[in-house]
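# Summary of the model geometry
So you can see what is in the structure, the chains are spelled out below.
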Amino acid sequence: MGKVALITGVTGQDGSYLSEFLLEKGYDVHGIIRRSSVDFRERIAHLEGKPHFHLHYADLGDSMSIVKVVDKVKPNEIYNLAAQSHVQVSFDSPEFTADVDATGVLRVLEAVRACHLEKTCRIYQASTSELYGKVEEVPQNENTPFHPYSPYAVAKLYGFWIVKEYREAYNMFCCSGILFNHESERRGETFVTRKITLAAARISQGLQDCLYLGNLDSLRDWGYAKDYVECMWLILQNDKPEDFVIATGVQHSVREFTELAFKHAGIELEFKGEGIKEVGICVKDNRPQPSDINHQTSLVGKTLVAVSEDFYRPTDVVNLWGDPTKAKAKLGWNPAKTSFEELVKLMVEHDIAKVAAEGAAAKVRTNLAEYLEKGIVK
Ligand code: NAP
Ligand code: F7E
């Protein structure tokens, strides 16, 4: 019999990659989904219907629903990835964020105890570099003090400590991966990297005029999500339950990410001005010029990136930089598998193709409407 894994947050960026990873390892993978008015679960649509992939309705805000799924599935491993994961949104919905990201973790741990699985079930908790918040040390490792700096981070801090508490109080194999930002072509579209790669793709195809961003000076240690889910699994295969920092050890600013993304889309930017007045102007237009897309006009001299206060946060975390030494030494994990440059490239290439395909589909619909109107197609 293969191992059984239960993933909360299976429809998210990490949940989808982790599902693929565990299925390849021969696991029976069970995921928790929430009812939604839109039934299409884009990131896992390709897995639905596979014999070892199963979905169950439950919600991290509903204890009984979690107990029922844990009791039914009897997992060997639980990956608790479900969260309200957007930092800026946590300022707008702090109570919901606390319920899911803090109390939700407790609900998962208690469900394991209620089902008497505490001796056989290992639990991974999706902790975050946001715990370091208003950073007290650079780079950050497992011993760096926490200083959470948003409702999201405060909620996740509870999750971190309750996992540690259950490990010590009940001898449970439960651990936190303190993951730094990890991105991909499946990243939610309102996180800064994906917002930038999609905008670069749209602007390069003449479908958007300008990208509005917040703090361009913010520094992040960005890795590739596909590499990071391997680490989640490695943490649960370790001899003893321990917490690990997972990061690349390389830091870049939002401005650098933007410059590189636009460069991959054929647009060279130069940033001028400061703070709210800073703009990114096109200084070289290297885009290919196929006749069927709408970008014959040169972008040189145009303002393609501008700053908007709408994307400033009441408190912002501005200097995250992880030290993955422990994960390298104890788990044998390779933090340099996908470089920053490769990550930006793969995201931009993906989004250029996506935007082009959507444009082509829209054109077909427009043509069809025109043909129907003219009676060419009946
Ligand atoms: P994501 O794409 O936003 O996915 C979040 C998942 O949680 C989705 O499947 C979502 O379901 C689910 N969810 C939200 N509220 C729920 C609830 N009440 N009950 C059940 N499921 C719920 O996040 P991600 O980037 O994959 O991140 C995975 C985890 O790692 C999160 O806990 C996040 O906080 C943490 N983390 C992420 C990063 C990063 O850089 N990506 C870094 C550190 C830590 P719906 O699809 O129904 O909304
Ligand atoms: O912001 C700045 C923003 O929203 C990164 C989550 O996965 O990683 C993620 O949280 C930085 C911040 O990610 C815009 O102020 C500038 O300083 O992409 P983000 P995040 O807040 O770091 C951590 C590790 C998690 O745990 C979270 O779940 O970029 N920024 N301009 C902007 N950010 C956004 N979203 N949009 C902007 O326009």
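As a starting point, this report considers the structure included with it. (Residues numbered from 1 in each chain as written. Chains lettered and ligands numbered in written order. Predicted model: local features only at pLDDT ≥ 70, side-chain atom pairs only at ≥ 80, totals over all residues. Heavy atoms only, no water.)

## Concerning the nonpolar core
- Formed by 63 residues in total, the largest nonpolar core has its most connected members in Leu18, Leu22, Tyr79, Tyr124, Ile246 and Phe262.
- Here this core gets nine residues from one element, more than from any other, and that element is helix α7 (residues 225–237).
- Excluding anything up to four places from it in sequence, Leu18 contacts Ile7, Tyr79, Leu81, Val229 and Met232. (Core = buried A, V, L, I, M, F, W, Y, C linked by side-chain atoms within 4.5 Å. Buried < 20%, exposed > 50% of the residue type's maximum accessible area, 1.4 Å probe, protein only. Helix = DSSP H or I, 4+ residues; strand = E, 2+ residues; numbered from the N terminus. Contact = heavy atoms within 4.5 Å.)

## Some points on the pairing of strand β5 (residues 122–128)
- The buried count for β5 comes to six of seven residues, which makes it a mostly enclosed element.
- Where strand β4 (residues 77–80) lies against β5, four bridges are found, and the strand directions are parallel. The partner of Asn80 across the bridge, within β5, is Gln125.
- When β5 meets strand β6 (residues 174–179), the two strands line up parallel, connected through six bridges. Within β6, the residue paired with Ser127 across the bridge is Ile178. (Pairing = 2+ DSSP bridges.)

## A few points about the site of ligand 1
- Around ligand 1, the structure places 24 residues, and the nearest of them are Thr11, Arg34, Ser85, Tyr152 and Lys156.
- Contacts to ligand 1 include Leu60, whose backbone N or O atom sits 2.9 Å from a nitrogen atom.
- At 3.2 Å from an oxygen atom of ligand 1 is found a main-chain nitrogen or oxygen belonging to Ala83.
- In isolation ligand 1 exposes 900 Å². Once the protein is present, 86% of that is buried.
- Of all the secondary-structure elements, those providing two or more residues to the shell around ligand 1 are α1 (13–24), β5 and α5 (151–170).
- The residue inventory of the shell around ligand 1, partitioned by class, reads ten nonpolar, nine polar and five charged. (Near = heavy atom within 4 Å. Polar contact = N/O pair within 3.5 Å; in protein donor to acceptor, adjacent residues only side chain to side chain. Areas by Shrake-Rupley, 256 points an atom, 1.4 Å probe, with all protein chains shown as cover. Nonpolar A, V, L, I, M, F, W, Y, C, P; charged D, E, K, R; others polar.)

## A word on the side chain of Ser184
- Looking at the secondary structure, you find Ser184 in the loop between β7 (182–183) and α6 (192–204).
- Owing to a relative accessible area of 0%, Ser184 belongs among the buried residues under this scheme.
- Of note is the side chain of Ser184, whose polar atom sits 3.5 Å from the side chain of Tyr17.
- Separated by 2.8 Å, the side chain of Ser184 and the backbone nitrogen of Arg186 make a polar contact.
- Those residues in contact with Ser184 that sit more than four places away from it in its chain are Gln13, Tyr17, Arg194, Tyr224, Ala225 and Met347.

## Examining the sheet that holds strand β14 (residues 279–285)
- The sheet built from four strands is open, its strands ordered β8-β15-β14-β13 with mixed pairing. In this open sheet, the two edge strands, each paired with only one partner strand, are β8 (211–213) and β13 (267–272). Direction aside, the axes of adjacent strands within the sheet are offset by 25 degrees on average.
- Bridge count between β13 and β14: six bridges; the pairing is antiparallel. Opposite Phe271, over in β14, you have Gly280 as the bridge partner.
- Strands in contact with α6 are β8, β13 and β15 (303–307); relative to β8, the strand with the most contacts, it is inclined by about 160 degrees. (Axes fitted to C-alpha atoms, helices over the stretch in contact; angles between N-to-C directions.)

## Quick notes on unusual backbone geometry
- Cis geometry is found at the peptide bond from Val138 to Pro139, where omega equals -10 degrees.
- Structurally, Pro139 can be placed in the loop between β5 and α5.
- Although it is not a glycine, Lys74 sits at a positive phi angle of roughly 45 degrees.
- With respect to the secondary-structure elements, Lys74 resides in the loop between α2 (63–73) and β4.
- Of note in the backbone geometry, His116 takes a positive phi value of approximately 55 degrees without being a glycine.

## Overview of the pattern of salt bridges
- This structure, assessed with the given rule, holds 19 salt bridges.
- Residues Glu130 and Arg220 are paired through a salt bridge, measuring 3.6 Å at the closest nitrogen-oxygen approach. Remark: Arg220 occurs in strand β9 (residues 219–220) and Glu130 occurs in the loop between β5 and α5; sequence separation between them is 90 residues. Of the two residues, Glu130 and Arg220, both sit in the buried class.
- A single network of salt bridges, built from pairs that share partners, joins Glu189, Lys354 and Glu358. (Salt bridge = Lys/Arg side-chain N within 4 Å of Asp/Glu carboxyl O.)

## Focus: α1
- Compared with the 16 Å implied by 1.5 Å per residue over twelve residues, the 17 Å span of α1 between its first and last C-alpha is a close match.
- Counting buried residues in α1 gives eleven out of twelve residues, a clear majority hidden from the surface.
- Listed in full, the buried residues belonging to α1 are Gln13, Asp14, Gly15, Ser16, Tyr17, Leu18, Ser19, Glu20, Phe21, Leu22 and Leu23.
- Remark: Gly26 follows α1 within two positions and exhibits a positive phi of approximately 95 degrees. (Expected span 1.5 Å × (residues − 1).)

## Section: the site of ligand 2
- Neighbouring residues of ligand 2: 23 residues in total, closest Ser85, Thr128, Tyr152, Ser218 and Arg313.
- In the environment of ligand 2, an oxygen atom lies 2.7 Å from a nitrogen or oxygen atom belonging to the backbone of Ser85.
- In the model, an oxygen atom of ligand 2 is placed 2.7 Å from a nitrogen or oxygen of the Thr128 side chain.
- Protein chains bury 96% of the 700 Å² of accessible surface belonging to ligand 2 in isolation.

## Describing the packing of α2 against helix α4 (residues 94–114)
- At a minimum axis distance of 9 Å, the contact between α2 and α4 shows a crossing angle of 45 degrees. By the angle between their directions, the pair α2 and α4 is classed as oblique. Crossing angle aside, the handedness with which α2 passes α4 is right-handed. Packed against α2, whose contacting residues are Ser63, Ile66, Val67 and Val70, the element α4 presents Arg107, Val108, Ala111 and Val112 at the interface.
- Grouping the constituent residues of the contact of α2 with α4 by class yields six nonpolar, one polar and one charged. (Parallel < 35°, antiparallel > 145°, perpendicular 65-115°, else oblique. Left-handed = near helix turned anticlockwise from the far one by under 90°.)

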